[in-house]
Structure formats: C-alpha cells, structure tokens
2 protein chains.
Amino acid sequence: MVEQAPHMTADEFRRYGHQVVDWVADYWSGLPERRVTPDVSPGDTAAFLPARAPETGEGFDEIVKDLDTVVTPGLTHWQHPNFYAYFPANTSGPSVLADLVCAGIGVQGMLWATGPACTEMETVMLDWLADLLDLPARFRSSGQGGGVIQDSASSATLVATLVALYRASGGRWRTDGVDRHYTIYTSTQGHSSIEKAARLAGVGDGAVRLIDVDSSTLALRPASLRSALEADRAADRVPALVVATIGTTSTTAVDPLPEIGEMCREFGVWLHVDAAYAGASAICPELRWSHTGVELADSYCFDPHKWLLTGFDCDAFWVADRAELIQALSVLPEYLRNAATESGAVIDYRDWQVPLGRRFRALKLWFVLRWYGAEGLRAHIRSGVAVAQEFASWVRSDRRFEIVAPYPFSLVCFRLRLDDDAASDAANAELLRRLNASGALYLTHTKVRDRFVLRLAIGAPQTTREHVAEAWRLIQQTTSSVDHDLEVMIDADSRRSAHDHGDLGAG
Amino acid sequence: MVEQAPHMTADEFRRYGHQVVDWVADYWSGLPERRVTPDVSPGDTAAFLPARAPETGEGFDEIVKDLDTVVTPGLTHWQHPNFYAYFPANTSGPSVLADLVCAGIGVQGMLWATGPACTEMETVMLDWLADLLDLPARFRSSGQGGGVIQDSASSATLVATLVALYRASGGRWRTDGVDRHYTIYTSTQGHSSIEKAARLAGVGDGAVRLIDVDSSTLALRPASLRSALEADRAADRVPALVVATIGTTSTTAVDPLPEIGEMCREFGVWLHVDAAYAGASAICPELRWSHTGVELADSYCFDPHKWLLTGFDCDAFWVADRAELIQALSVLPEYLRNAATESGAVIDYRDWQVPLGRRFRALKLWFVLRWYGAEGLRAHIRSGVAVAQEFASWVRSDRRFEIVAPYPFSLVCFRLRLDDDAASDAANAELLRRLNASGALYLTHTKVRDRFVLRLAIGAPQTTREHVAEAWRLIQQTTSSVDHDLEVMIDADSRRSAHDHGDLGAG
C-alpha cells in the first residue's frame, strides 16, 4: 500500500485562500508605510532559508507567516505608490484575481484542442485591444493577421526577428539556418532586447546597426537609416529587420514611423514596432499621434503589463500575416497531432511563440478590460500623463534642474544642471543614490547624450498627484544637501538659462 | 481635473478575492462531474464574447458569473482526475496560492536589485531541488554552477543550445553569429523543441541529427551517435550539442547517459539532459537509476509543473558553469546598471534566460516544498507509479492488447493488437476517438515503431486507483464496440501470444 500524499483539500484551500487574499489586501494597504526598496545586502534573504527542503510537510500558517519575515523585507515593492523606476509594471485587483483563476484552472493552451476557450478568448482579447488602440485592420484576426500574448516585449522582438529572417531567406532559414549576412536596424535608443534577439537568432550582435538619432527628440534619423541600408546592400549584406520604437526605454522617444515604414517597403525589410511601454497610451485618441504610420508595420507589440493594469506577463503582439509566422515557427510531432489542428479551422498558439506550453493569460485581459471598461483605462493613462506633465513643470521652474528630453507620456527625464560634465554626472549619480537610499521613493537613471540623467516614471494605480508632489519636495531637499556636501559650484548664470531650456514640451 | 480610474479598493479585493477562491474550490470539487474535454466546435467560445470591450466598467459579479457560462464549457480540464493525456501538468493548492501571492506582489525579478528576495529564494529553491534529486554538486550554487526557473523545458533547451553554440564557437557566436556548420544530436524520440531550438538559434532544422534508438527500449543507440559525430566531423561540421532524454515524451524512454556523456567529453560537445517529465521521479531513491551519468551533463532540466504539483510555468534548469551561460546571454544597457550588479556579488537572472522580465516563481516551489515536504512529494510520485504499474498489469492480462514500450514511470503506452498494420492503426485511432468523445476521460496518442499507440499518463492529485480502474473498464468496453463495429478480425492465436508479450516490464 502506497502512502497518500497530503494534498490540500478543497475546504483547506478555501480557508487558506481567504487568508492569502487578505494577506495581499493588507500588503497593498500597507505599501505606503514601507520603504520602496529594501535595506538589504546580498545574501540576507538566503540566510533566512534552511539549507534543504523539509522532510515532512509544514502547516500553511507557518508558510504565510514567513511571507512577512522572509519575503517582504527583501522586496523591491513594484506596486508601491512611490515606485518611479524603470517603467512601472503595474497590476490591479481584477488582474490578480484573473491570475488566481488561471492558476486554479491550470489549463495548457498550446493547442486549440488542449484549451479551446483559452485559445479563442485570447484571439478575441487581442482583437479588443487592437480595436481600443485603433490598430490597422490587417492586424485583426478577421483579416490575414492576428494577435497573441507573449511573455514580454523581448520575446516579441525575438519572434519578429525570427519571422523576418524566414522571410528574408525566402523560407530557407527553417532548414538551412542563417546562411547569409543578415542585418538588423534600430536606433541607438532601441531596447537591449533587439541586440539580444539578434544574438539568439544566430546573426550576432555585430549584425545590429544602431542608427543615430535626432539630438533633440532622440528619435531615429531616417536619413541615417537609409545610408545604413544602402551601405549594407552594397556590401552584399541582406537587411532583414528594422525595429522602430514608440516610446524608447530611456526617454520615451517616438521614431518617425511613416518615413521608416516607407523605407522598409522600398528595401523589402520587415518592420517591427516596439511600443512596449507607450502603446497603452494609444487607447486615448489624443495620444494616438505616436502611432501614425503603424499601418506600415509587419508586426507590433505593447505591454499591457506595463501601463494597462494587467500583471506581468502580458505582452500583446500582432502580425499582419499570421500564415508567415506559423510557417516559420511550426512544429508538429505525432504526439501533438489532433483532428482540430488538421481541420485548419483553429489557431494553435504554440506556433506563435518560442515555448510550447502556455497559460490562460487572456483571462487577465478579460477581467481588466471588463472591470475598468475603455473609459476607466483611459482615465488611468490620462491621470499618469497629467501628473507627469505637472511634475515636469515643477522641474522646469527650479533653475537647478533641466529636462533633457521630450516627455509626451508619463516619464520625465531630468538632471541637475552643471557646466562641468564630470561634476554634473557625479552630482546626479549622488543625488540618485541619496534619494533611493532614503527608501521614500525609487528612481532609476539612464544616459542621454552621454550624460547621467534621472528618470521619473509614473504608472502605479496608487500613485496620486500628492505622492509625486512629495517626491518632488524630497528631490529638491536632497539636491540642496548634495549641493552642499559636494561643494559643487553651480554657476548662477547657467541656472538662470536652465529656466529657459523649455523647448522640450509635451507631445 | 482628470477623471479617476475605478481602481479596485483593498476592501473590494478582499470581498471578490474570497469569491474567486471559493469559485476555484468549487471548480476543483466539481471536476469529477464534468466531461474532461469539452463538447465544442471551433468558434463556440468566441461566439459568447462581444465584438469589442465595454466602454464603461462592469460589476465583478458579472465577470465571475461568466466564468461558468463562457469559460468552463470550453475548457479541456487539465486538473480533472480522468485527464491522462500528453503529460499531465498538475498544480496543487499551495502552488495556486503562491501564484496568488506572486501576482499580488507583482515584483520584477530581472535583476537582483529589482527583487532581492525573488532572486535569492530562486537560487535556494533550485539548490533544494538539486538536493532532493541528488543532482551532482557541480549544479549547485555553492560551486561553479546553479539553477534558474525557465518557463518551460522548450526554453531550457533553447538556452542550452545557445550556450552550446557560444562554447563551440570559442565565444565568437556572440558577435559573429552562426559562422560555421554546427550540428545538434538527439534521438528520434527527442522532443520537438530540440528541432525548434535549432531553428530559432539559426542553425536550421537541417542541422539536427535524429539518432536511431534501440527497437525495444526506444533509447538512443550510442554506437549510432558515435557514427554521426564522426561523419559530421569528417565533413567539416562542428558538433555543438547533444540532447539526451530521461523519459521521452512518446514513451518515457531513458537514454544511456553514461555512454552518451563520455562521448560528449571525447568530442568536446555540450550535453544537455532533458528530464522534463521524469526528472521529478528522482526525488525517490528507488527511481533515481534513470539519472545515472547525469554528472556528465553540462546542463539539465526538469519540469516541476509536470509531475511535482507546481503549476505551470516552472521548469527547473541547471548549468554546471554559470559563468559561461552569463557570458553568452548577458546584456547591460545603461538603464539596467546598478551598484549590486557591479559589485559582482549577486545573480541577475535576466542573463540566464531569453526574456528580460520575470515573475517571482520561486514562491510556488517554496510553498509546495514546504506544504508537502520531501516525503509528501515522494508519496505523490510513488502513487502515480504504482497505479500505472497496476494499469499495465491489467492491459497485459487482456489478450486483445499489447504494451509497446517499457513503463518505468507513470505512463503506459499500449494498443489493440492486430496482425494487419493498417487495420491496427485504424482500430486504435477509432478506439481513441470513441474514448475521448465519451468525455469520461482524455488520452492522447503517439507512434511507436511507426504504429499508432495510445498513451495513458497519470499525475493529477485527484486521480486514484479507482479512477484508473474505471478508465480501464471503459477502454475494455469501448474496445468491444470497436471490435464489433469495425468487424476487425482478430486472430485468436495472436491474442494468445500477446498475453506473453511481457518482456517490457517496469524499470
């Protein structure tokens, strides 16, 4: 007689589940009282954990209790109202509860047959999103295209790269691999995942051309792209892919899609548009200018998990020609054959992505889109943009600072303005260090025109105008202490002129 | 004044959260009364959904109600006790509740700095698992190696392929791409993700050598591997990777690791071991024979989300040399630079995987390993193996059937035994169709020695000996109806001889 495993009964699940729901609600309510970043050193969390798994099971109360002793003290709190780092990756109540349903159902959506509702809801949700963003008809499932959920924009970029290579090779890529010198183009501001995708796809980092940008807008310069395409062609290389960005990671710059798109058609190159962060803003008609020209794209993605209140992982990725995508990525071993697939009447999403297995992530979109409604989501985007614009106006009114890039969305890039470059970088890095060490907020940095710059990105549902105003007060105070301690000599004239450095307005 | 988005309050989350927990508990309790596979046609679920998202938000009660009207009628119920298809991908109460915590915390674990506890718990959980499976010391974080959670074994195979190419190229692969004719080896029974990884990595399907297998055990034949390696070398190709399998997808065949591993060392080829399904069995000392020779592997993976009660996605992937992995996959744009990374004292898991972002999946392992304890998990594996062995004994005692492959774990491959090949395939396909159409259980098929074969895989926590006995009764009854309807003439002698077809025992 084999011993029975101590599976959790439905009644236990009910009891412990309520406990965990309450824990999450308490966690959210308590966030404002916490530091945003933890005060820990490498190894602190590991030190709490035993060297091996327990031999016999423990009580659930013990486990939940340890969330507070082991886990939360070592967390960077991404849902904190004062989290302004990177791009926020915000979730919401309805998204979390959809994830709970997804986990409970535990369905595998690799084939239509293994989860018909999982597959069909995903198709419809991507159509809903395409409609909300007013994406071109060619991306909808009613035409030749269609959408799919990827885990991240990185994976969307990789998939776009793969199909682009398939197309550029006339299909030989599937069996022969990378058999010519393919090249890939993006701006110097393109995301690091583009370089990584090139490497993973076997063309190498060296095949990526980083096209220079307009020094003011930081958007890709079409003339430079043309020069690069022509030079590569002349050198017998094969341009395969251009990745244009709507809302770059550093500064939310918007590449000029209409010119890039026309050039891609002229050169026969796949155009992928990476709108990971800023794509969500296109649900607001007044912000949709950034998407002008998207009808020229072969593929497009944005992350509902960044700015649309849907928990990670949820990248929405569309192609204009789903047949080409499937031809590139399909596999069909005997053990996956089934009547529905052979009928040709269904989508098998395993052929739209890198892994085979997949969760029922469309539930998150269904819950979020229905709970908020289109108007509710627009209100979220608009409030983020409005508060960011107000923050920018405060920065501009303090002559110690300058804004270094346009801020059409909810990210503002700024820095202490000093004449000496090295001193300026040191002062800004020190300012960032002190701000984050306080635990009261969390900002990250980037470099713009090779200078160290602070980024403040707004997106959390709990973040209000008051939180941002408080953040600004702290930035001002901390700046004063940096000024004093570093004895940086800031020229009063440069401060005055900074006040007029106002050509980088919204949108 | 910008309108406020209707964010769910903490109190609402508490109320609705309890509601959703109860829904999941009810869903599980009600599974035995449901069909395993839905009785739907393509488009049925989509037809329930409006063409566009609602303009204004809906009440949560409406959404939850639609789970029963829209979602569950279109589900293949992977957690159903009578789900015997593919490999089960089973979850458990503690895993689902950990996913709820993960979703609620909403942390991004791409860098140590963005989630110290997320990173460190993952390292420790992978060490716990390595300890439970008695994996070699070289895979532990205390040595040169270490573990990481991938979404799936497919992604683990891809990552192994990429690092293998990096190594085979002497590092040039990073910048130069695939610049020689690299080759990859697995058995004819290797998973389709190996071919897909080769394609994605830019070497092409054509670079994959499918090595033949022993006709009885279906395990890779080392002599054939040697011939292939030698032939490719002689043809100026560069063998880069061998993928050996512990527990193939079709039949759970176990490749001979000691011989394969020695050969990989001799030829300087990366050995990746794919134990996606069967790896979990190594927590039981009596089943660990299948892992003999794993100390020769450069990388190894198994899926806790298949047979270790941890919800998808959770593939555990180890490398013996983490430095090489990181060198192959690292990117470091300015906006991700931080003091902890530069100190060299931390792990940044973004360099261990394809995407950049990642969830706090280690929580699932932590909850599951603590709730069940090592003994509880062993009991789960042992009960699955015991019931599978008993099922096999029933099949063997019915002379109409034969078992077509060894069944050392919890998968049994069998078929109706007819002398005529074509008639046999048709009869078995028809038997499968009728069984699945009944809705009472769900099996899938494969081909073994080019013949159509049924697979019965056991893994769900709700599955008991009685469920499997009932499944066997249904298989027997349905077989009688197939016999009758197809008027297949089964030779009585062949039936008798099938009774003695018993050389394919456990282990």
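What counts and what doesn't
Residues numbered from 1 in each chain as written. Chains lettered and ligands numbered in written order. Predicted model: local features only at pLDDT ≥ 70, side-chain atom pairs only at ≥ 80, totals over all residues. Helix = DSSP H or I, 4+ residues; strand = E, 2+ residues; numbered from the N terminus. Rg over C-alpha atoms; globule rule 2.2 N^0.38 Å. Contact = placed C-beta atoms within 7 Å. Pairing = 2+ DSSP bridges. Axes fitted to C-alpha atoms, helices over the stretch in contact; angles between N-to-C directions. Least-squares fit on C-alpha atoms with pLDDT ≥ 70 in both. Nonpolar A, V, L, I, M, F, W, Y, C, P; charged D, E, K, R; others polar. Buried ≥ 20, exposed ≤ 12 C-beta atoms within 10 Å, placed from the backbone. Domains from an automatic or database assignment. Parallel < 35°, antiparallel > 145°, perpendicular 65-115°, else oblique. Left-handed = near helix turned anticlockwise from the far one by under 90°. pLDDT = per-residue confidence, 0-100. Core = buried A, V, L, I, M, F, W, Y, C linked by C-beta atoms within 7 Å.

Here we come to the overall build of chain A. Check the secondary structure of chain A and you find 17 helices and 11 strands. Computed over the C-alpha atoms, the radius of gyration of chain A is 25 Å, within 12% of the 23 Å expected from 2.2 N^0.38 for a compact globule of 507 residues. Counting only C-alpha atoms, chain A reaches 75 × 70 × 45 Å along its principal axes. The contacts in chain A between residues at least 6 apart in sequence include a share of 74% that link residues at least 24 apart.

Further remarks concern the sheet that holds strand E8 (residues 401–403) of chain A. Residue and element names in this part refer to chain A. Taken together, the 4 strands give an open sheet; going across it, the order is E8-E9-E11-E10, and neighbouring strands pair in antiparallel fashion. Edge strands, defined here as strands with exactly one partner in the open sheet, are E8 and strand E10 (444–448). Ignoring which end each strand starts from, the neighbouring axes of this sheet average 40° apart. Relative to strand E9 (residues 411–416), E8 is paired through 3 bridges, and the arrangement is antiparallel. Pairing of Ile403 across the sheet is with Phe414, part of E9.

Note on the copies: chain B fits chain A at an RMSD of 0.0 Å, the axial shift is 0.0 Å, and the rotation between them is 180°. Given the turn and translation reported, the copies of this chain are related as if by a two-fold rotation axis. Both copies share a contact surface, since 100% of the interface residues of chain B are interface residues in chain A too.

The next point concerns the sheet that holds strand E4 (residues 238–245) of chain B. Residues and elements named next belong to chain B. Spatial ordering of the open sheet is given by E1-E7-E6-E5-E4-E2-E3, a layout of 7 strands whose pairing is mixed. On the outer flanks of this sheet lie strand E1 (146–150) and strand E3 (208–211), each paired with one strand and no other. Across this sheet, the average inter-strand angle for adjacent strands is 20°, counted without regard to direction. Relative to strand E5 (residues 270–274), E4 runs parallel, the two being bridged by 5 bridges. Within E5, the residue paired with Val242 across the bridge is Leu271.

Looking now at the interface of chain B and chain A. By a frequent convention, interface size equals the accessible area lost on bringing the separate parts together. On the side of chain A, 133 residues touch chain B, which itself brings 132 residues to the contact. In terms of residues, the side of chain B that touches chain A owes the most to one element, helix H1 (residues 10–30) of chain B, which gives 15 residues. Residues that form the side of chain B that touches chain A fall into these classes: 68 nonpolar, 40 polar and 24 charged.

All names here are of chain A. Where burial is concerned, most of helix H8 (residues 192–200) is hidden: 8 out of the 9 residues are buried. Every buried residue of H8 is listed here: Ser193, Ile194, Glu195, Lys196, Ala197, Ala198, Arg199 and Leu200. In the segment just after H8, Gly202 is the residue with positive phi, at about 90°.

Residue and element names in this part refer to chain A. Each domain of chain A was delimited in the assignment, giving domain 1 (107–359) and domain 2 (370–499). When each unit is reduced to the centre of its C-alpha atoms, the spacing between domain 1 and domain 2 is 32 Å. In this assembly, 18 residues from domain 1 lie in contact with 19 residues from domain 2. For the side of domain 1 that touches domain 2, a count of residues per class yields 10 nonpolar, 8 polar and no charged.

Our next topic: the packing of helix H4 (residues 93–105) of chain A against H1 of chain B. Packed helices, taken two at a time, are described by their axes: the angle between them and the distance between them. Here H4 of chain A crosses H1 of chain B at 15°, and the two axes come no closer than 10 Å. Between H4 of chain A and H1 of chain B, the angle is such that the two are roughly parallel. Here H4 of chain A runs over H1 of chain B; the crossing is right-handed. Contacts from Gly93, Leu97, Leu100, Val101, Gly104 and Ile105 of chain A in H4 of chain A reach Glu12, Phe13, Tyr16, Gly17, Val20, Val24 and Tyr27 of chain B in H1 of chain B. A breakdown of the residues in the contact of H4 of chain A with H1 of chain B according to their chemical character gives 9 nonpolar, 3 polar and 1 charged.

In this fold, Asp214 of chain B is placed in the loop between E3 and helix H9 (222–234). What Asp214 of chain B contacts, discounting residues up to four positions off in sequence, is Ala219 and Arg221 of chain B.

Here we come to the confidence of the model for chain A. All names here are of chain A. Chain-level statistics for chain A give a pLDDT mean of 94 and a share of 95% at 70 or above. Predicted confidence for residues 491–507 stays below pLDDT 50, and this span has 22 contacts to residues more than four positions away or in other chains. Note on the complex model: pTM 0.95, ipTM 0.95.

The residue after Phe312 of chain A, namely Asp313 of chain A, is reached through a cis peptide bond having omega 10°. Even without glycine at this site, Asp236 of chain A takes up a positive phi of about 65°. Here Asp236 of chain A lies in the loop between helix H9 (222–234) and strand E4 (238–245). For Tyr86 of chain B, which is not glycine, the phi dihedral falls at a positive 45°. Mapped onto the elements, Tyr86 of chain B comes out in the loop between helix H3 (60–71) and helix H4 (93–105).

This part takes up the nonpolar core. Buried together is how nonpolar side chains tend to be arranged in soluble globular proteins. Judged by nonpolar contacts, the single largest core of 364 residues is most densely connected at Val412 of chain A together with Val412 of chain B. Setting aside anything within four residues of it in sequence, one finds Val412 of chain A in contact with Ala388, Phe391, Ala392, Val395, Ile403, Tyr407 and Leu456 of chain A.

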